Amino acid sequence: MEQKNNSDHVLNTVRSIVYHLNDVNWVKMTQKMMALPINNVKLLDDITNIIFDRALKRQNYTHIYAQMCARLINDSKFNNLIATNTEITFQKVLLKKCHDVFYSNYQEELNKLKDTMKNVNMVPKKCLSGVLNNFLFDFQKRSICNCRFIGELFKNGAFPEKYILKCIGDLGKEKNDNNYELQMHCLCIILQSVGLILSKTSYDLNKKINKLVSSMENHRMSSTLKCLIKKLKIMNSKGWMDEEPVKFAGTNYNAYRDLPPHMQMVYRVRSKKIMSDWAYDESHDHRLNVVNNYKIEVRSNIPPKL
């Protein structure tokens, strides 16, 4: 019971730290975090969850959370807290969470939502549309903020180069699905953060930027994404100046309901298409079941061969 109370006290302190983190107090708050008594794996995982989730929700302060995480990773006392398991470190736990969000499958999560909605008694058109709008907004926002966080971690030496190159390579692969624009935007966000560092290595950034520029002619994409690609091209040609990222529609808002009407329309159109696809799939399954049941009834009425 005493250990549980101590853990609750530590977690409450962590929440207070990360909820009030800003450009002025982050050094002091990081030192306060380093002084916390953390002595088990579960507590370390819970603390990392709080930091990670808050970093993705406060997208305008992502760089501050990345700086704090880099300090925690480089602090030998904080980074080797678990005496019984020296292989568990704050960095490994944090990278695992970044990995899980980065490789989260849009279609799988959408299918899970679909299965959940089938088991819920609700008005389909009105309620399902709202759930879908929120799902689309949250998935897009979380993916973009995670990529921005990954880029900031790399800039602060807390994200290994081989992993950032793998992320860039995976995002650069062609995918013929409805999530292509989000994928390209995530790639641009990472390149905008890490371009200056990678330009000093043997990595061929020109090839990656030229491919993005050529994709503007081969794919229908929003003016926001086109603007970001053009900006990346300029930054690459000028030695990767540190500029403010171009914002993706919705990333400066915490929830779908806060979006202006013209931004909400983007998600409503997308959700209506998903709803129509679901209706088609369900009607197809229903017809298939009818046909199969009919075949079974016909077979059962066939007289046995003599």
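Residues numbered from 1 in each chain as written. Predicted model: local features only at pLDDT ≥ 70, side-chain atom pairs only at ≥ 80, totals over all residues. Heavy atoms only, no water.

- By the naming in an unreviewed UniProt entry, the protein goes by MIF4G domain-containing protein and is assigned to Macrosiphum euphorbiae.

### Concerning the environment of His99
Thought 1: Mapped onto the secondary structure, His99 falls in helix 6 (residues 90-102).
Thought 2: Residue classification places His99 among the partly exposed residues on the basis of a relative accessible area of 43%.
Thought 3: Once the C-alpha coordinates of His99 and Asn146 are considered, the two residues, 47 residues apart in sequence, prove to be 9.2 Å apart. (Helix = DSSP H or I, 4+ residues; strand = E, 2+ residues; numbered from the N terminus. Buried < 20%, exposed > 50% of the residue type's maximum accessible area, 1.4 Å probe, protein only.)

### Things to note about the pattern of salt bridges
Oppositely charged side chains may form a pair once their charged atoms are brought near each other.
Thought 1: Using the criterion set out here, one finds seven salt bridges in the structure.
Thought 2: For Lys96, the salt bridge identified is with Asp100, shortest N-O distance 2.8 Å. Taken together, the residues span about one helical turn, with Lys96 and Asp100 both in helix 6 at a distance of four residues.
Thought 3: Among the residues examined, Asp100 registers a relative accessible area of 38% and is labelled partly exposed.
Thought 4: For Lys166, the salt bridge goes to Asp170, with nearest N and O atoms at 3.0 Å. One end of the pair is Lys166 and the other is Asp170, both in helix 9 (residues 161-171) and four residues apart, which spans about a single turn.
Thought 5: With relative accessibility at 46%, the residue Lys166 sits in the partly exposed group. (Salt bridge = Lys/Arg side-chain N within 4 Å of Asp/Glu carboxyl O.)

### Details of the nonpolar core
Thought 1: With 86 residues, the main nonpolar core has Met33, Ile51 and Phe149 as its most contacted residues.
Thought 2: Residue contributions to this core peak at 12 residues, all from helix 8 (residues 124-155).
Thought 3: Leaving out residues up to four positions away in the same chain, Met33 has contacts with Val14, Ile17, Val18, Ile47, Ile51, Met68, Leu72 and Phe78. (Core = buried A, V, L, I, M, F, W, Y, C linked by side-chain atoms within 4.5 Å. Contact = heavy atoms within 4.5 Å.)

### Comments concerning the environment of Arg268
Thought 1: As for its position among the elements, Arg268 is in helix 13 (residues 261-301).
Thought 2: Separated by 136 residues in sequence, Arg268 and Leu132 place their C-alpha atoms 8.2 Å apart.
Thought 3: Setting aside chain neighbours within four positions, we find Arg268 in contact with Asn133, Tyr256 and Pro261.

### Brief notes about the packing of aromatic side chains
Note on aromatic pairs: each is described by the distance of the centres and the angle between the planes.
Thought 1: One pass over the full model with this rule turns up six aromatic pairs.
Thought 2: Aromatic pair Phe102 and Tyr103: ring centres 4.8 Å apart, planes at 75°, arrangement edge-to-face.
Thought 3: Residue Phe102 is classed as buried on the basis of its relative accessible area of 14%.
Thought 4: Where Tyr106 meets Phe135, the ring centres are 5.8 Å apart and the plane angle is 35°; that geometry is what we call tilted. Residue Tyr106 is located in helix 7 (residues 106-118), and its partner Phe135 is located in helix 8; the two are separated by 29 residues in the primary sequence.
Thought 5: One aromatic cluster in this structure is built from Tyr106, Phe135 and Phe139. (Phe/Tyr/Trp six-rings, centres within 6.5 Å; stacked < 30°, edge-to-face > 60°.)

### Topic: helix 4 (residues 62-74)
Thought 1: Helix length check: helix 4, at 13 residues, gives a terminal C-alpha distance of 18 Å against a target of 18 Å (1.5 Å per residue), a fit within 8%.
Thought 2: Taken residue by residue, helix 4 has Thr62, Ile64, Tyr65, Ala66, Met68, Cys69, Ala70, Leu72 and Ile73 as its buried positions. (Expected span 1.5 Å × (residues − 1).)

### Here's the deal with the packing of helix 3 (residues 41-57) against helix 6
Thought 1: Between helix 3 and helix 6, the least distance of the axes is 10 Å, while the angle of their chain directions is 50°. On the basis of their axis angle, the class for helix 3 and helix 6 is oblique. Here helix 3 and helix 6 pass one another in a crossing that is right-handed. Residues Leu44, Asp45, Thr48, Asn49, Ile51, Phe52 and Leu56 of helix 3 pack against Phe90, Val93, Leu94, Lys97, Cys98 and Val101 of helix 6.
Thought 2: Among the residues forming the contact of helix 3 with helix 6, the class breakdown is nine nonpolar, two polar and two charged. (Axes fitted to C-alpha atoms, helices over the stretch in contact; angles between N-to-C directions. Parallel < 35°, antiparallel > 145°, perpendicular 65-115°, else oblique. Left-handed = near helix turned anticlockwise from the far one by under 90°. Nonpolar A, V, L, I, M, F, W, Y, C, P; charged D, E, K, R; others polar.)

### Remarks on the state of the cysteines
Thought 1: Considering all chains together, one arrives at zero disulfides under this definition.
Thought 2: The thiol of Cys69 is not disulfide-bonded; the next cysteine sulfur, from Cys98, is found 8.0 Å away.
Thought 3: The exposure class assigned to Cys69 is buried, which follows from its relative accessible area of 0%. (Disulfide = S-S within 2.5 Å.)

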